[in-house]
Amino acid sequence: MSEQKLTGAQIVIKALKDQGVDIIFGYPGGAVLPIYDALFQQNDLRHVLVRHEQAAVHAAEGYARSTGKVGCVLVTSGPGATNAVTGLLDALCDSIPLVCLSGQVPTHLIGNDAFQEADTTGITRPCTKHNYLVKDVDNLARTLHEAFYVARSGRPGPVLVDIPKDVQFADGTYVPPAEVKHKTYRPQVKAELARIEEAVELIANAKRPVFYTGGGVINAGPFASKLLTQFVKTTGFPITSTLMGLGAFPASDTQWLGMLGMHGTYEANLAMYECDVMINIGARFDDRVTGKLSAFSPGSKKIHVDIDPSSINKNVAVDIPIVGDCGAVLEDMLRIWKARAKSPDKAALKEWWGKIEGWRARNCLNYNRTESVIKPQYALERLREALRGKDHYITTEVGQHQMWAAQFLPFDQPNRWMTSGGLGTMGYGLPAAIGAQLAHPDAIVVDVSGEASFLMNMQEIGTAVQYRAPVKIFILNNQYMGMVRQWQELLHGSRYSQSYSEALPDFVKLAESWGCVGLRATTVAEVDQVIEKMLAVTDRPCIIDIAVDPRENCFPMIPGGKAHNEILFGPDDSPSDATPEDGMVLV
Amino acid sequence: MENAIEKHTIAVLVDNEPGVLARVIGLFSGRGYNIESLTVAEVNNADHLSRITLVTSGTRMIIEQIKAQLGRLVPVHRVHDLTDEGPSVERELALVKVAGTGDKRIEALRLADIFKAKVVDATLTSFIFELTGTTSQVDDFVGLMTQLGLVEASRTGVVAMSKGPAAF
C-alpha cells in the first residue's frame, strides 16, 4: 500500500468520492475553509451552496429519499452546526441516511469558548444516530467510512463527523473503504425463520386481515416495495400505509385503502380497528396512527416487522415480533407462503372486503365542490390530473396542505414522496425539492406548500435559481397557519391566537425579483391554466400562489385521544363532544 | 401484573470512547427512564472496553425498551439483564466516616466488626470504615452509623456478575 500523505481536507474529499458521493450540500465558514479549498481544486464532487444550513440538511434529505443513497452535508462550526440541528433531528425521526461534516475550532482551542465554537457532538448527540469528533488526522478516513456505514445500515439515520480545523490541515494517511470494518455495529438483516413461519400461518388463517406498512419498506429499497406488492397481490388482502410509507404499494390498485391515522381514510382506519390480523411491515405504531392506545385495534393479533428492536413493543404490544430488514423478511415470507402452498380464506376475505367496500362508499375524502372559491382539495386534484403519466416527485411542507397532499396525490412507486413525518418541520419542502431536483434534473419536482411554511425557508429560492433547479412551489395560500387554525377552531373555541398570516408578500412579484416565474390563481377557472403554465417552465423555479378557501379544514380527522372508530367527517360533526379532556393535552 | 414496577440490574459492555457515558445517560434522561445506580470503569485495557452496571426500575415493557434502546447505541457491544438471566452476585463498596468520642465511638467500632467493615483511617475523633456488601447491607450499616456520628458516606453503586462459569 502506498504511504502517500494527504491533508485532512484532501482525505475528506477522497473519502466522499470513494463513498460514491456526487453532490454535497453546504455553506462555508472559517472552520471549514481547508475543506472548501480542497473542493475548489477538484471537479468530481459537486458542491451546492444553500442559503441556510438547515436547508442544506433538508436538501440532502430530499436527495437521499429520492435516490436511496446517503445524503451529504458540509457546515462550519458554531452557528453552522447549530443551524443544522433541526435538519439532523428531522432525518433521525424519519430514518433518512445522511452524513453531516461540521468544522470545529482547532483541537487546542476546544473547550476555551473560542470564536464560533459549539459543543457540536454534545448538542447533536440526541439528534443523530451517531456522531464523532476526530482529533487525529490518521483516524479521519476510517471515521468517515464508518460514518457512511452507520448512516445507511440497519435503521438508517444521520451521522455527524466534527472535524477541527487543525486536523483538516494536518498530513495523514488515507485508508480506502474496503479496509474499514466497524468493530461492533452489525444490525440484524435476516430475521428468525421460526417467527416468519409463525407469521405465515397466522396470515393464512386470517379472516379480517390488513397490511399496515411504513417507511421501513421504502428504506429497504425498491426491491422491498416490489416484494410487498407481490405479497399483497398474492394474498388479496387490503393494505394501508403511514405517511412515510406512501408509494411502496401502488395507490392505483384496488386493494389500496389510502393512508391511515389522524387524517387517514375512513376505510383504512376502520379496517385497522376491526381487523383480526394486523401485518405491520416497517411502521412504528406512531401516535398519529394509533390514536387512543387502549382502543387501538382491540381484537387483532399483531405481526410487527422492524429492523429496529426498540420499535417493537414500544407503544403497542405485539404477538409476533420479527426483527429484520423489511425486504429480507418479505422475501422469506413469500418463499415460505409459496413453499407451503398457502392460500387465504377466500370466503372470509370476500365478506371482509364487502364490509370495507361499505366503508369506502362513505367517500370520506369528499368535499364541498363549489365554483365560488378554490378548494385546496380541488387544486390538488387538478395537479394530480396534470401530473398523471409524467415522471414526478412531490415534497411538502407541514400542515393542512401536507395532509391533503397525502390524501389526494397518488403514489405508485417508492421514493417519489418526501415529507417531514416524524418531526413535522415547516420549511422542509422547498430545500427537499431542490435536493430531489438536482438528483433528477429531468423530472418534475413539486413542493406542495402553504404560505406560512414557505416563508420559513424561502431564502432557498436563491439556491434553486443558482443551480437552475426548476422546482415548482405550489402554495395553497389560505392566509392562515391552517392546521393551527383548525385545532383552534375544534379545541379552543375558534380563538385564532396568532395563526393568521399577516403581512404576506406578493408571491408573484417575489418570484420575479429572483428571476423566477410567478403565477397566481384566484378563481376556480384559473387553476388549470396556472398548472399548465407551471409545467411548461423547465429552466427556472416557479412559484404558484393559489388563493384557496381560508376556512377549509382537513377531514377526516380523528381528534387526539380518540379511537379509530370515532372519526370526524366534516364541519357538521360537532367538535364539542369530539375531544375528551385527556385528549386536549395531546398534540 | 403487567404494570408492576420491577427493579433490574443491567450490565452493558461498551467501547471506551469519548461520549459513550453521555450517550447512555442521555438516553435515560431523554426518554424519562430511572437510574438508581450506575457504575462504569474500563475492564479490558487492550480492546478499550468498559463495563457499565446500572440498576433501573420500570414496568416490564419499559425494561425491555431500555435494553433495546441501549442495544441500538452504536458503541454498545452487549447488553445483559442480570436480573432476568439467572442468579447473580451484586456488591457495593462504601466509605463511611464517623466522628465522635466515648461510647458512640466504641459502639461504631463494634458494629463495624459485626459488618466486617475495615478501618482504613483513624484519628482520635474519627474513623473511616470500608464496607463491601449488598446494597441492603450497606444501607443497614449507613443507617446504624447515622445514629453514631456519621458525617460522610461515599458509595460506588452496584457492580454485578452472573453466577457460574459462563462469561459476559
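Residues numbered from 1 in each chain as written. Chains lettered and ligands numbered in written order. Predicted model: local features only at pLDDT ≥ 70, side-chain atom pairs only at ≥ 80, totals over all residues. Heavy atoms only, no water.

Chain B has the name Acetolactate synthase small subunit in an unreviewed UniProt entry, where Azospirillum endophyticum is given as its organism. Per its UniProt entry, chain B bears the Sequence similarities (unreviewed entry) comment "Belongs to the acetolactate synthase small subunit family." The UniProt entry for chain B carries the following text under Function (unreviewed entry): "Catalyzes the conversion of 2 pyruvate molecules into acetolactate in the first common step of the biosynthetic pathway of the branched-amino acids such as leucine, isoleucine, and valine." (UniProt positions renumbered as here; feature names shortened; annotations may be inferred.)

In the nomenclature of an unreviewed UniProt entry, chain A is known as Acetolactate synthase of Azospirillum endophyticum. Per UniProt, the comment on chain A under Catalytic activity (unreviewed entry) is "2 pyruvate + H(+) = (2S)-2-acetolactate + CO2".

Participant: I keep staring at the pattern of salt bridges and nothing clicks. Help me out?
Facilitator: Oppositely charged side chains can pair when the atoms bearing their charge come close. Evaluated as defined, the whole model comprises 41 salt bridges over all chains. Among the salt bridges present, the one from Lys342(A) reaches Glu201(A), with a minimum N-O distance of 3.0 Å. Taken together, the positions of Lys342(A) in the loop between helix H13 (326-339) and helix H14 (346-360) and Glu201(A) in helix H8 (residues 193-204) put the pair 141 residues apart, joining distant regions of the chain. Given a relative accessible area of 28%, Glu201(A) falls into the partly exposed group. By sharing partners, the salt bridges in this structure join Glu6(B), Arg60(B), Glu64(B), Lys67(B), Asp81(B) and Asp84(B) into a single network. (Salt bridge = Lys/Arg side-chain N within 4 Å of Asp/Glu carboxyl O. Helix = DSSP H or I, 4+ residues; strand = E, 2+ residues; numbered from the N terminus. Buried < 20%, exposed > 50% of the residue type's maximum accessible area, 1.4 Å probe, protein only.)

Participant: Looking at this structure, I do not really get the domain arrangement of chain A. What am I missing?
Facilitator: Quite often, the size of an interface is put as the accessible area lost when its parts meet. Residues and elements named next belong to chain A. Looking at the assigned domains, one finds that chain A contains domain 1 (5-179), domain 2 (193-360) and domain 3 (376-547). Inter-centroid distance (C-alpha atoms) of domain 1 to domain 2 is 37 Å. Listed as interface residues are seven residues of domain 1 and, on the opposing side, six residues of domain 2. Of the roughly 580 Å² buried at the junction of domain 1 and domain 2 (both faces included), carbon and sulfur atoms supply 50%. Broken down residue by residue, the surface that domain 1 buries against domain 2 is led by Arg-65, Asp-94 and Arg-155, which jointly contribute 64%. On inspection of domain 1 and its partner domain 2, the count reaches one salt bridge. In this structure, Arg-155 and Asp-308 form a salt bridge, with 2.8 Å as the shortest nitrogen-oxygen distance. Counting the contacts that link domain 1 with domain 2 gives three residue pairs in polar contact (both at pLDDT 80 or more). (Domains from an automatic or database assignment. Contact = heavy atoms within 4.5 Å. Buried area = accessible area lost by both parts, 1.4 Å probe. Polar contact = N/O pair within 3.5 Å; in protein donor to acceptor, adjacent residues only side chain to side chain.)

Participant: Is there a simple way to think about the interface of chain A and chain B in this case?
Facilitator: With 19 residues of chain A at the interface, the matching set in chain B holds 14 residues. Taken over both partners, the interface formed by chain A and chain B buries close to 1,300 Å², and the fraction arising from carbon and sulfur atoms is 55%. When the area that chain A buries against chain B is broken down by residue, the three leading residues are Arg125(A), His130(A) and Thr184(A), summing to 38%. Summed over the shared surface of chain A and chain B, the number is two salt bridges. Here Arg72(B) makes a salt bridge to Asp308(A), at a shortest N to O gap of 3.0 Å. Summed over the shared surface of chain A and chain B, the result is six residue pairs in polar contact (both at pLDDT 80 or more). Across the side of chain A that touches chain B, the residue classes tally to six nonpolar, seven polar and six charged. (Nonpolar A, V, L, I, M, F, W, Y, C, P; charged D, E, K, R; others polar.)

Participant: Mind showing me how you'd approach a nonpolar patch on the surface here?
Facilitator: All names here are of chain B. On the surface, Leu-93, Leu-95 and Val-120 cluster together into a nonpolar patch covering about 210 Å² of accessible area. Of note, Leu-93 is situated in strand S5 (residues 88-99). On the accessibility criterion, Leu-93 (32% relative accessible area) is partly exposed. (Patch = residues over 30% accessible without salt bridge, like charges linked within 9 Å, V, L, I, M, F, W, Y side chains within 5 Å. Areas by Shrake-Rupley, 256 points an atom, 1.4 Å probe, with all protein chains shown as cover.)

Participant: Looking at this structure, how should I read helix H1 (residues 8-18) of chain A?
Facilitator: Three or four residues apart is the spacing at which side chains of an α-helix point the same way, because the helix has 3.6 residues per turn. Listing the buried residues of H1(A) in full gives Gly8(A), Ala9(A), Ile11(A), Val12(A), Ile13(A), Ala15(A) and Leu16(A). Where H1(A) ends, the next residue or the one after it, Gly20(A), has phi of about 85°, a positive value.

Participant: Help me out: how do you make sense of unusual backbone geometry in this one?
Facilitator: Glycine aside, residues mostly have negative phi angles, and peptide bonds mostly take the trans form. All names here are of chain A. Put simply, Phe-555 and Pro-556 share a cis peptide bond, and its omega is -5°. When you line up the elements, Pro-556 lands in the loop between strand S20 (542-547) and helix H23 (581-584). Although it is not a glycine, Ser-297 sits at a positive phi angle of roughly 35°. Considering the arrangement of structural elements, one finds Ser-297 in the loop between helix H12 (287-290) and strand S13 (301-306). Residue Ser-297 is classed as buried on the basis of its relative accessible area of 0%.

Participant: I keep staring at the UniProt feature "domain: Thiamine pyrophosphate enzyme N-terminal TPP-binding" (unreviewed entry) in chain A and nothing clicks. Help me out?
Facilitator: In the numbering used here, UniProt assigns the feature "domain: Thiamine pyrophosphate enzyme N-terminal TPP-binding" (unreviewed entry) to residues 7-121 of chain A. Here residues 7-121 of chain A is 44% helix and 18% strand, with 23 Å between the C-alpha atoms at its ends.

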